[in-house]
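# Commentary on secondary and tertiary structure
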Amino acid sequence: MKGGQKLPALDGFRLVAAFLVVCIHTSPFASWTELGDFWLTRVLARVAVPFFFMTSGYFLACSGWRGFGRTMKKLLLLYGCAILLYLPLNWYNGGLTPLQWLQKLLVDGTFYHLWYFPAVLLGLLIARQTARLGMPAALILAALLYLVGLAGDSYYGLAARIPVFAAGYDKLFAISSYTRNGLFFAPLFILMGAAGYRLRPRMAMVGLLLTLTLMSVEGFVLHAGMIQRHDSMYIFLPLVMLCLFSLLLTADGCRRRDFQEISLLVYLLHPWCIVLVRGAAKLLGLEAILIYNSLGHFAAVLLGSICAAFVLERLRPARPEPHARAWRETDLAAVVANAKTLQAALAPGCRLMAVVKADAYGHGALAVARALRRRAGIRAFAVSCLQEGVALRRHGVRGTILILGYTPPDQARQLFCWRLTQAVVDEAHGAALAARGWPLHVHVALDTGMHRLGVPAEDTAAIARLFTLPCLRIDGVFSHLCVADSREQSDIAYTQGQLEAFYAALRALRASGHEPGTVHIQASYGIWNLQPQPCGFARAGIALYGVRSNPAPVEHPLPLQPVLALRARIAAVRDVRAGDAAGYGLAFCPQRDSRLAVISVGYGDGLPRELPQKGGQVLICGQRCPMVGWLCMDQLLADVTDLPQVAAGDVATLIGRDGMAELSAEEIAACCGMLTNELLSQLSARLPVIPVGNRRTIHTDHGEAKTVAASGAGF
Ligand SMILES: *Cc1c(COP(=O)(O)O)cnc(C)c1O
């Protein structure tokens, strides 16, 4: 969990890496110190490209390699653009045979810095394939390739003394000018990034200083001995990268798309800048400052590249901000904390199954499931239907995914292919699933009194028959309680009856020689209102999201935090005179001169239409303001007469905290006579989900940004 809430500082370091690449190609200190320049550009700056490889591997592995095809396509497209961009210079340099062109295109890159693209493309392919062997084997294989590369790079002087090697490398260099390529160089770093190993910060810090020193010594010795054919690969480079990357992964950073783009553009453009700076220097007679003074040359190239990158980045059409109009904020730190709190309340040996059906009760199933897997150690999830299960799998969620609802038997193949676990809703369903012939993982549902899904718990013969069906692998048996939220005596007795029926059925099953597997019966109210149960799982839904279904008190309250905030932009602020009217049906007729805020969210986003009539409120500038008039599909009106500072572009909070004020989902649901589950699960997919960690930035009026603490996280 340590550092789990932090985002790696990788995007920030991209800028540093791009800067180092510019150093490599401009040698800033060359006019003063040959050795200093060697150290900066041929040793230290050699971390830049491996860093880019590792970052690619890291982010691909984070998504379970799902983005592989997309990444390859994007890189190919970029390479294509870069080739076109440098064609004029190729043409100016002239004199390549078609065969040389082919070799440059496929291996060396068509301009000196473009070798990166064929290298990363081939490297990713190799890494992807070898990763299937398991990380240790893949890393060993890649390390061996790296050693072959090393002997053809920094250590060539030694390797070439052995005639067989010399001959072998001669052949190799006919195909690829350097061993610093996609076969020998890239795979190791891509796989190291994908493995995501991180040393403890202190160890990484000490390690970085130590390995950098060792690599520097290595570099100087090789340089002095004139052993290097090229100077991209060192024995200590992978260790330097391990330490550096560990530090970046544990640092507190953020994802910065603009940094990604600017570093990429600097990388792509700086060779053009070198040409242009030289041209301009000659034209203006400034050779002394801009060419012969290495620092001046470097500064001009860097400045030119950065300016060009900024201009291009600005010109590119931007995608809409996800939180431009109205959005959901899911506090992942809170959902992780809730999972841990719930887990701690369960009987020993009983694990939490996270119910993420209905898009995790409107919180965004993917973000929630990923956070729970990574940061709360949750290994089992429940959804309501096949589509929901497949959506999680497609985005790389591993572990058990139990489908609680009905899946038609003719979808058995999908269940099998996506390794989903299906609830058997009755005997006929089980038989029909088995008849499809796919070896399926299932949990048998028992009906202990709800009379919804499940084999009747008292029909022990039918339950036992399911265990004899071919093709069904019964991993568990479960039931659902229907009045566990009530503290009425009769309901408590009914729940006791359900529990007894459940355990009696399990005993009968074991007596007939069948092992029920992992059993479970508690949902959220089963955790709140019952003693810990001797089960393998407890299926928590609403409790995970830090709210109750209804205002009734519970037996064992737990310190849970609300996870969701719903916010929307104020589109406009309007004055309405006393006696005038506003909205559909002119339903709002103020008694006094009033100001109305038009807020960009409505019933089309899942809010109940009668909310304003039921006393609905919004938070603006930390104050409660009443909703007025009829709720529209995409807008609502709020009375902000007492808040003169409100302006278009401000953020209104429909659910969640704003300053000291808070509007809970429970309050809104209760005032509309709904369950909180109902309100939350109706939130529309039109509202983007913005995961928030421990801090978030809200853009208030006119682009001014302020950082506020996440709701309930206690900052
Ligand atoms: C929805 C559901 C749950 C989760 O219920 P909560 O009350 O939200 O915890 C558990 N089990 C089954 C069978 C469900 O359908």
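Residues numbered from 1 in each chain as written. Predicted model: local features only at pLDDT ≥ 70, side-chain atom pairs only at ≥ 80, totals over all residues. Heavy atoms only, no water.

What follows deals with the domain arrangement of the protein chain. On domain assignment, one finds that the protein chain holds domain 1 (1–27 + 257–315), domain 2 (33–255), domain 3 (332–545) and domain 4 (564–677). Relative placement of domain 3 and domain 4: their C-alpha centres are 39 Å apart. (Domains from an automatic or database assignment.)

A word on the layout of surface pockets. What the second largest pocket holds in volume is close to 730 Å³. Around the second largest pocket, the lining comprises 34 residues; the ones closest to its centre are K357, R452, H480, L481 and A523. Listed by contribution, the elements that provide at least two residues to the lining of the second largest pocket are helix 17 (357–362), strand 6 (440–447), strand 8 (472–479), helix 24 (524–529) and strand 10 (537–540). Tallied by class, residues from the lining of the second largest pocket come to 18 nonpolar, 11 polar and five charged. (1 Å grid on protein atoms, 1.4 Å probe; cavity = no way out; pocket = protein on both sides within 12 Å on 5 of 7 lines; lining within 4 Å. Points joined across faces, edges and corners; volume = space filled by probe spheres on them. Helix = DSSP H or I, 4+ residues; strand = E, 2+ residues; numbered from the N terminus. Nonpolar A, V, L, I, M, F, W, Y, C, P; charged D, E, K, R; others polar.)

Attention now goes to the nonpolar core. Residues V356, I599 and I620 are the most contacted members of the largest nonpolar core, which totals 114 residues. Built from parts of two domains, this core gets at least three residues from each of domain 3 (332–545) and domain 4 (564–677). Not counting chain neighbours up to four residues away, the residues in contact with I620 comprise I570, A597, I599, C625, V640, L643, V646, A652 and D658. Within the second largest apolar cluster, 71 residues are counted, among which are F13, A17, I24 and M135. (Core = buried A, V, L, I, M, F, W, Y, C linked by side-chain atoms within 4.5 Å. Buried < 20%, exposed > 50% of the residue type's maximum accessible area, 1.4 Å probe, protein only. Contact = heavy atoms within 4.5 Å.)

The tally for this structure, following the rule as stated, stands at 29 aromatic pairs. When the centroid spacing of 5.6 Å and the interplanar angle of 80° are considered together, the rings of F19 and F298 count as edge-to-face. Taken together, the residues span a long stretch of sequence, with F19 in helix 1 (residues 10–26) and F298 in helix 15 (residues 294–315) at a distance of 279 residues. Owing to a relative accessible area of 35%, F19 belongs among the partly exposed residues under this scheme. By relative accessible area, which is 9% here, F298 ends up buried. Note on F38 and F220: the rings are 5.8 Å apart at their centroids and 50° apart in plane angle, and the pair reads as tilted. You can see F38 sitting in helix 2 (residues 34–43) and its partner F220 sitting in helix 11 (residues 201–224), a full 182 residues away along the chain. Residue classification places F220 among the partly exposed residues on the basis of a relative accessible area of 29%. (Phe/Tyr/Trp six-rings, centres within 6.5 Å; stacked < 30°, edge-to-face > 60°.)

Taken together, the neighbourhood of the ligand is formed by 13 residues, with K357, Y361, S524, R539 and G541 sitting nearest. Y361 places a polar side-chain atom, nitrogen or oxygen, 2.5 Å from an oxygen atom of the ligand. Between the ligand and H480 there is a distance of 3.4 Å, counted from a nitrogen atom to a side-chain nitrogen or oxygen. Burial of the ligand by the surrounding chains reaches 88%, relative to a free accessible area of 390 Å². More than half of the atoms belonging to the ligand lie within 2 Å of the grid points that define the second largest pocket. Partitioned by chemical class, the residues of the shell around the ligand number six nonpolar, four polar and three charged. (Near = heavy atom within 4 Å. Polar contact = N/O pair within 3.5 Å; in protein donor to acceptor, adjacent residues only side chain to side chain. Areas by Shrake-Rupley, 256 points an atom, 1.4 Å probe, with all protein chains shown as cover. Sits in = over half its atoms within 2 Å of the grid points.)

In this section: the pairing of strand 15 (residues 636–639). Side chains L636 and A638 project from strand 15 onto one buried face, and the interleaved L637 and D639 project onto a second face that is buried too. Note that strand 12 (residues 594–599) and strand 15 share four bridges and pair antiparallel. Within the sheet, the bridge partner assigned to A597 lies in strand 15 and is A638. Sheet topology places strand 14 (residues 623–628) next to strand 15; two bridges connect them, and they run antiparallel. Within strand 15, the position partnered with M627 by the bridge is A638. (Pairing = 2+ DSSP bridges.)

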